[in-house]
Amino acid sequence: MKTPIDFNQYKNLLKEYISTTTEFKDINYEGSGVNQLINILAYQMTHIGYYLEANDNEHYLQSAQTRTAVIAGAKRNGYVVRGKKASRAEVRVKRKLDYMPDGKYTRLDKDWAVRGINNITDEHREFFFKTDVFLYDYEKDGDNYVFFSKDKTFTLFQGDRRDWRFQVSTDPKQRFVIKDKELDVDTLRVFIKSSLDEKELGEEFLYSKSATGTYSKEGKVFYLATAEDGWYEIFFGEDTISQRPKAGQYIVCEYIAPSGEDGDGCTSFTLNGWELETVSSSYGGSDGESIESIKHNAMFTYRRQNRLLTAEDIKHILLEDFRNIRSINVWGGEDNVPKYYGKTMIAIKPNNSDTLSQGAKIDIKKNLINRYGYTGQDIMLVDPEYINVDIKFSIVTKKTISDITKANVADKTIEACREYSDKYLNQFGSYLNDLEMNSLIKKGILGVDSLYSEKRISKEIDVNTNNSAQHILSLTNEIQPESSSATFSDYNYTWTLTDRKESPSKGSIYVSRDDVKAGKVELRIGEVDYEKGEFRFKLPLTSKRDFPFSFEISALSKKPNIYGEMTNVVRIRTISVNDVLFQEENQ
């Protein structure tokens, strides 16, 4: 039976017990001495009950409240809690020398700090390369030699370069705990050395997430776990599943201690004597996992059991390793429109922008293929497609109850919609629930009798005049016939797009323009499926000329709820209140 923690429950249990005895007769009299003793005992038992329940909850991952207990629960599930994650940037490296160095190569030391500059805020951050950068390709420039990285890019990590050192003893129970909560585990490198001489490179042991692989006792790997107080502990294979360092050797742990999200947004990088060309600005910094994130990732890590087979496996690996993800969706290419057989489709909505940078996409692909050995299907990373919703409200409210102005009603309606959008929308798998949104509005405005909203949904499409193929745009929701609208300009004309109903579920897409000589020019360019909200069309003017541009197609939604699927993310763009009607309470 669950321990009660309510005072009255304890008091009634005590009175029920004492009533079976003959010594005390006045237990129901509040002023009696025995009743006061019962009160004291009940209060004491209530406090003990609260303590026992809280203590019991902390032993279970899902009910734990303190960070220490959650980390301990995650460790029991085999999950390594991630702290801060370093922002990273992709650069090409070049160096000009007036002499040919020995060996015909030049080296950029990993310990040299690179200055990253955020050109918007003018803030500066320090970045480092994880390993030394070697340049072998060169070309002559007069009397100079220009070394460059050709097509290869290198990754910079933001933060301080630090190390933690241990000397291995003869104690078999010796622990190797890195007592630095700022450590970014993705940058950790472990070297085994015979001395602490800086010139000795040492032997690198690689990080392994699993002890169940086909390793030998000569295998050079280490394992990682979260220790007490949020520190990190490294383990070795005790010369069974992998090699253990020998007594007297030194373990040197090198890593980056980052600033988290503050390292994002650096667009240019400088280092004296070197030229660094930015391929992608710094991205992906994180301030560490929240308690809720730890609970979620730890449970799914245990469920996944180190496999990578299903869409859910991929989703939770990326959520675990890339903490800059607000929302993610994974599906098979055979379910996509258009279909891509043999592909695994991944769409990611980052925390602070609409799309991932190119560097982040490369990083994710490398992670899935190199670290997890994902080879089932080709990975295709696609950007989210946003279904923008423009809402117009008409509201009827009782004036005697809701003694506010029309402007107040409009402001409160917009505020409630924004709150609903922030809480439920702008992520994969969510949809605009008209009933829930209206309930939130009514909750904030006393006396609302009824409200109606018209929703115009829209999506942007990228096209090019050198592409004569059919274009497809899907609003993924049923739309009202003859409500489509768009305006776009190619390199010659400005066109207006509309639709005409041909049957209950199908229509034709027309574009028109004004011509000085011919008057109004109108062309049929495609068809629309009203039930699917799908437009299929060709551009009215195509040629070999490369002229890329974007435009937006919108239409009125036929149903009150707005859904998104696969790459589609629903978000409210504009909110307006067209009309507020006050009526007397007795009407």
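Before any of the text, the structure's been laid out above.
Summarised in this report is the structure supplied together with it. (Residues numbered from 1 in each chain as written. Predicted model: local features only at pLDDT ≥ 70, side-chain atom pairs only at ≥ 80, totals over all residues. Heavy atoms only, no water.)

A short note on the overall build of the protein
Part 1: A tally of regular secondary structure across the protein gives 8 helices and 30 strands.
Part 2: Out of the 587 residues in the protein, the part that is buried amounts to 45%.
Part 3: Look at the contacts in the protein between residues 6 or more apart in sequence, and 70% of them connect residues 24 or more apart.
Part 4: Total accessible area on the protein stands at roughly 31300 Å², and carbon and sulfur atoms take up 48% of it. (Helix = DSSP H or I, 4+ residues; strand = E, 2+ residues; numbered from the N terminus. Buried < 20%, exposed > 50% of the residue type's maximum accessible area, 1.4 Å probe, protein only. Contact = heavy atoms within 4.5 Å. Areas by Shrake-Rupley, 256 points an atom, 1.4 Å probe, with all protein chains shown as cover.)

Digging into unusual backbone geometry
Part 1: Notably, Asn426 is not glycine yet its phi reads approximately 65°, a positive angle.
Part 2: Considering the arrangement of structural elements, one finds Asn426 in the loop between α7 (406-424) and α8 (434-444).
Part 3: Residue Glu482 is not a glycine yet carries a positive backbone phi of 60°.
Part 4: Locating Glu482 in the fold gives a position in the loop between β23 (471-474) and β24 (486-489).
Part 5: Residue Glu482 is classed as exposed on the basis of its relative accessible area, which comes to 52%.

Some remarks on the sheet that holds strand β18 (residues 325-332)
Part 1: Read from one edge to the other, the open sheet built from 3 strands follows the order β18-β19-β20, with strand pairing classed as mixed. Only two strands of the sheet have a single neighbouring strand rather than two, namely β18 and β20 (378-382). Pairwise comparison of adjacent strand axes, ignoring direction, gives a mean angle of 25° for this sheet.
Part 2: Relative to β20, strand β19 (residues 343-350) runs parallel, the two being bridged by 5 bridges. For Thr344, the partnering residue across the bridge sits in β20 and is Ile379.
Part 3: Across the sheet, helix α5 (residues 311-321) lies against β18 and β19, angled at about 155° from β18, the strand it touches most. (Pairing = 2+ DSSP bridges. Axes fitted to C-alpha atoms, helices over the stretch in contact; angles between N-to-C directions.)

Quick notes on the nonpolar core
Part 1: Of all hydrophobic cores here, the largest spans 45 residues; its most connected members are Phe393, Leu432, Met437, Phe535, Phe537 and Phe551.
Part 2: Apart from residues no more than four positions distant in its own chain, Phe537 is found in contact with Ile461, Ala469, Gln470, His471, Ile509, Ile525, Gly526, Phe551 and Ile553. (Core = buried A, V, L, I, M, F, W, Y, C linked by side-chain atoms within 4.5 Å.)

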